[in-house]
Every structure is written in C-alpha cells, then in structure tokens.
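# Examination of the molecular architecture
Next come the chains, spelled out residue by residue.
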Amino acid sequence: MAKVKLSKDGSSIDFVQSENIPTSMKKFRRSPEIEGFYRFVYENLLQREAFEIVNRIYVQRKQEASALKKAARASKKKKASKK
C-alpha cells in the first residue's frame, strides 16, 4: 500500500479521492480519504496534535449545541409566560 504523499511545500496531503460519499459511519471510516488521513497522521507522528485538534472541535461544537438548547428553552419559556 502506498504511503500518503505530502506536497513539496508541506501545505497539502495527496491521496486518492473516492467519487461517492459514504452513507454509514463504518463506510465513512473505511473511505480512502479517511484512511489516507489516518495514515498521514500515523506516519508523521501527529497523533497528539490530531487529538488536540479534534478535541477542540468537539468541545466547541458541544458548547454551541448547549447554547442552542439553552436559547430554545428560554424562547419556549418566554412564549409560555406570554399566554
């Protein structure tokens, strides 16, 4: 299996792209793009950095979802108090 290729200037990763979008989580994880990304991270010893990035994204999305839920509850409570 060929290694993932890094561009000469180091700004991009080169790997085979599939033509269709995976429909399930299992297929998504086995897609060539994701396998290429995992391989790139592993081959370049970037596990800790990748974890930190994914964790930041996870925390940010969780906070945004929490804020949306809080806003929805507040608006629902406000509508109920008007009646």
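Given the structure is predicted, the values throughout are model-derived calculations rather than measurements. (Residues numbered from 1 in each chain as written. Predicted model: local features only at pLDDT ≥ 70, side-chain atom pairs only at ≥ 80, totals over all residues. Heavy atoms only, no water.)

## Some words on the overall build of the protein chain
- Counting secondary structure elements, the protein chain contains 3 helices and 2 strands.
- When the helices and strands of the protein chain are listed from N to C terminus, the series reads β-β-α-α-α.
- Scored against the burial criterion, the 83 residues of the protein chain give a buried share of 10%.
- Within the protein chain, counting contacts between residues at least 6 apart in sequence, those at least 24 apart form 31% of the total. (Helix = DSSP H or I, 4+ residues; strand = E, 2+ residues; numbered from the N terminus. Buried < 20%, exposed > 50% of the residue type's maximum accessible area, 1.4 Å probe, protein only. Contact = heavy atoms within 4.5 Å.)

## Considering the packing of aromatic side chains
- Taken as a whole and assessed by the stated rule, the structure comprises 1 aromatic pair.
- When the ring of phenylalanine 37 is compared with that of tyrosine 38, the centres are 6.3 Å apart and the planes differ by 45°; the resulting orientation is tilted.
- Residue phenylalanine 37 is classed as partly exposed on the basis of its relative accessible area of 37%. (Phe/Tyr/Trp six-rings, centres within 6.5 Å; stacked < 30°, edge-to-face > 60°.)

## Topic: helix α3 (residues 47-82)
- In a regular helix each residue adds 1.5 Å, so 36 residues correspond to 52 Å; α3 covers 52 Å between its end C-alpha atoms and thus fits that length.
- Summarising burial for α3: 1 of the 36 residues are buried, a small minority. (Expected span 1.5 Å × (residues − 1).)

## Digging into helix α2 (residues 32-43)
- Taking 1.5 Å of rise per residue, 12 residues should cover 16 Å, and α2 covers 16 Å from first to last C-alpha, within 8% of that figure.
- If you check which residues of α2 are buried, you get Glu33, Ile34, Gly36, Phe40 and Val41. End-on, the buried residues of α2 take up no more than an arc of 160°, which puts them together on one face.
- Two residues or fewer after α2 comes leucine 45, characterised by a positive phi angle close to 50°. (Arc of directions from axis to C-beta.)

## Details of unusual backbone geometry
- Non-glycine residue leucine 45 carries a positive phi angle of around 50°.
- Among the structural elements, leucine 45 can be located in the loop between α2 and α3.
- Leucine 45 gets classed as exposed once you look at its relative accessible area, which sits at 65%.

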